[in-house]
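Tertiary structure, described
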Amino acid sequence: QKEVEQNSGPLSVPEGAIASLNCTYSDRGSQSFFWYRQYSGKSPELIMFIYSNGDKEDGRFTAQLNKASQYVSLLIRDSQPSDSATYLCAVKLKGSNYKLTFGKGTLLTVNP
Amino acid sequence: GAGVSQSPRYKVAKRGQDVALRCDPISGHVSLFWYQQALGQGPEFLTYFQNEAQLDKSGLPSDRFFAERPEGSVSTLKIQRTQQEDSAVYLCASSLTRTGLMMNTEAFFGQGTRLTVV
């Protein structure tokens, strides 16, 4: 089992819809969780981080964390074509306060 | 500079050739990371520096890979006797703090160097 798993997609949603991106992790002791967006040929850029159970909202983005289920998700409301990118889930596993372990990413396409 | 700068952006190497990839982190950033991203995969950790000290090199795939940051600023990732499986994008990232003091330390990534070994 990979340490951080994501559905590689592609996930296709119409413009204005909610896009839901999911990530599971294997290390129950993990403490910090990050969502990065990566446009094709570009570097990953941080969208959100979360480390407490529950929801964290920032504009159109909501990160949700459920440590009991070892599950973290990213919701994008009112999806725009400019949101089309690969979304990478990253986790700082237990015992590492600096190393990010990434999933393989989910390709999101928002159709106009 | 305004962001993390990597050079070259693209490198084609013949199998067996040595290559050197450069990373200029954001000025004043203490922590520096190298990641390797294969096509269609997420980045994978290679090594971590805190200032000039290489604190973790557990992700380096073999002893052909070597990284340094001698003055605590610019870093170089060197790959000796390149092989086809080394073909990937090599990403450098830096962050301001000594991670561990802040759980949510943001790591800023450079544009990467795409290495193709032929």
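Scroll up for the structure.
Anyway, here's the lowdown on the structure attached to this text. (Residues numbered from 1 in each chain as written. Chains lettered and ligands numbered in written order. Predicted model: local features only at pLDDT ≥ 70, side-chain atom pairs only at ≥ 80, totals over all residues. Heavy atoms only, no water.)

Re the state of the cysteines
Residues and elements named next belong to chain A. The final tally for this structure, using the stated rule, is two disulfides over all chains. What pairs with cysteine 23 in a disulfide is cysteine 89, and their sulfur atoms sit 2.1 Å apart. Between cysteine 23 and cysteine 89, the disulfide has an S-S torsion of -70 degrees and is therefore left-handed. Within this pair, whereas cysteine 23 is found in strand 3 (residues 19-25), its partner cysteine 89 is found in strand 9 (residues 85-92), the two being separated by 66 residues in sequence. Note on cysteine 23: relative accessible area 1%, which makes it buried. In this structure cysteine 89 comes out as buried when scored by relative accessible area, which is 0%. (Disulfide = S-S within 2.5 Å. Helix = DSSP H or I, 4+ residues; strand = E, 2+ residues; numbered from the N terminus. Buried < 20%, exposed > 50% of the residue type's maximum accessible area, 1.4 Å probe, protein only.)

Description of the environment of Tyr51(A)
Residues and elements named next belong to chain A. As for its placement among the helices and strands, tyrosine 51 is situated in the loop between strand 5 (45-50) and strand 6 (54-58). Residue classification places tyrosine 51 among the partly exposed residues on the basis of a relative accessible area of 31%. Along the primary structure tyrosine 51 and asparagine 66 are separated by 15 residues, whereas in three dimensions their C-alpha atoms are 9.8 Å apart.

Notes on the packing of aromatic side chains
What describes a pair of aromatic rings is the distance from one ring centre to the other and the angle between the planes of the rings. Evaluation of the coordinates by the stated rule reveals 13 aromatic pairs over all chains. Judged by centre distance (5.7 Å) and plane angle (55 degrees), the ring pair of Tyr36(A) and Phe102(A) falls under tilted. Of the two residues, Tyr36(A) is situated in strand 4 (residues 32-38) and Phe102(A) in strand 10 (residues 101-102); the sequence distance between them amounts to 66 residues. Its relative accessible area of 8% is what places Phe102(A) among the buried residues. Here the aromatic rings of Phe33(B) and Tyr35(B) are separated by 6.4 Å at their centres, their planes lie at 40 degrees, and the arrangement is tilted. Put simply, the rings of Tyr36(A), Tyr98(A), Phe102(A), Phe33(B), Tyr35(B), Phe45(B), Tyr48(B) and Phe109(B) pair up and form one aromatic cluster. Taking NZ or CZ as reference, Lys56(A) lies 3.5 Å from the ring centre of Phe49(A), over its face. Directly above the ring of Phe61(A) sits Arg60(A), whose terminal nitrogen or CZ lies 5.5 Å from the centroid. (Phe/Tyr/Trp six-rings, centres within 6.5 Å; stacked < 30°, edge-to-face > 60°. Lys NZ or Arg CZ within 6 Å of the ring centre and 35° of its normal.)

Some details on the interface of chain A and chain B
Taken together, the contacts link 21 residues of chain A with 23 residues of chain B. Considering only the surface of chain A that becomes buried against chain B, Tyr98(A), Phe102(A) and Lys104(A) emerge as the three largest contributors, covering 28% of it. Counting across the interface, chain A meets chain B through zero salt bridges. Here chain A and chain B share four residue pairs in polar contact (both at pLDDT 80 or more) between them. Taken together, the elements giving at least two residues each to the side of chain A that touches chain B come down to strand 4, strand 5 and strand 9 of chain A. Grouping the amino acids of the side of chain A that touches chain B by side-chain chemistry returns ten nonpolar, seven polar and four charged. (Contact = heavy atoms within 4.5 Å. Buried area = accessible area lost by both parts, 1.4 Å probe. Salt bridge = Lys/Arg side-chain N within 4 Å of Asp/Glu carboxyl O. Polar contact = N/O pair within 3.5 Å; in protein donor to acceptor, adjacent residues only side chain to side chain. Nonpolar A, V, L, I, M, F, W, Y, C, P; charged D, E, K, R; others polar.)

Thoughts on the sheet that holds strand 8 (residues 71-76) of chain A
All names here are of chain A. Strand order in the open sheet formed by five strands is 1-3-8-7-6, and the pairing between neighbours is antiparallel. With partners counted over all chains shown, the strands left at the sheet margins are strand 1 (4-6) and strand 6, one partner each. Taking the axes of each pair of neighbouring strands and ignoring which way they run, one obtains an average angle of 20 degrees across the sheet. Where strand 1 and strand 3 come together, three bridges link them in antiparallel fashion. Bridged to glutamate 5 within strand 3 is threonine 24. (Pairing = 2+ DSSP bridges. Axes fitted to C-alpha atoms, helices over the stretch in contact; angles between N-to-C directions.)

Remarks on the side chain of Arg64(B)
Residue and element names in this part refer to chain B. Inspection of the secondary structure assignment puts arginine 64 in the loop between strand 6 (53-56) and strand 7 (65-68). You can call arginine 64 buried: its relative accessible area is 11%. Only 3.2 Å separates the side chain of arginine 64 from the backbone oxygen of arginine 81, close enough to count as a polar contact. A polar contact is formed between the side chain of arginine 64 and the side chain of aspartate 86, at a distance of 2.8 Å. Ignoring anything within four residues of it in the chain, the contact list for arginine 64 reads Lys78, Ile79, Gln80, Arg81, Thr82, Gln83 and Asp86.

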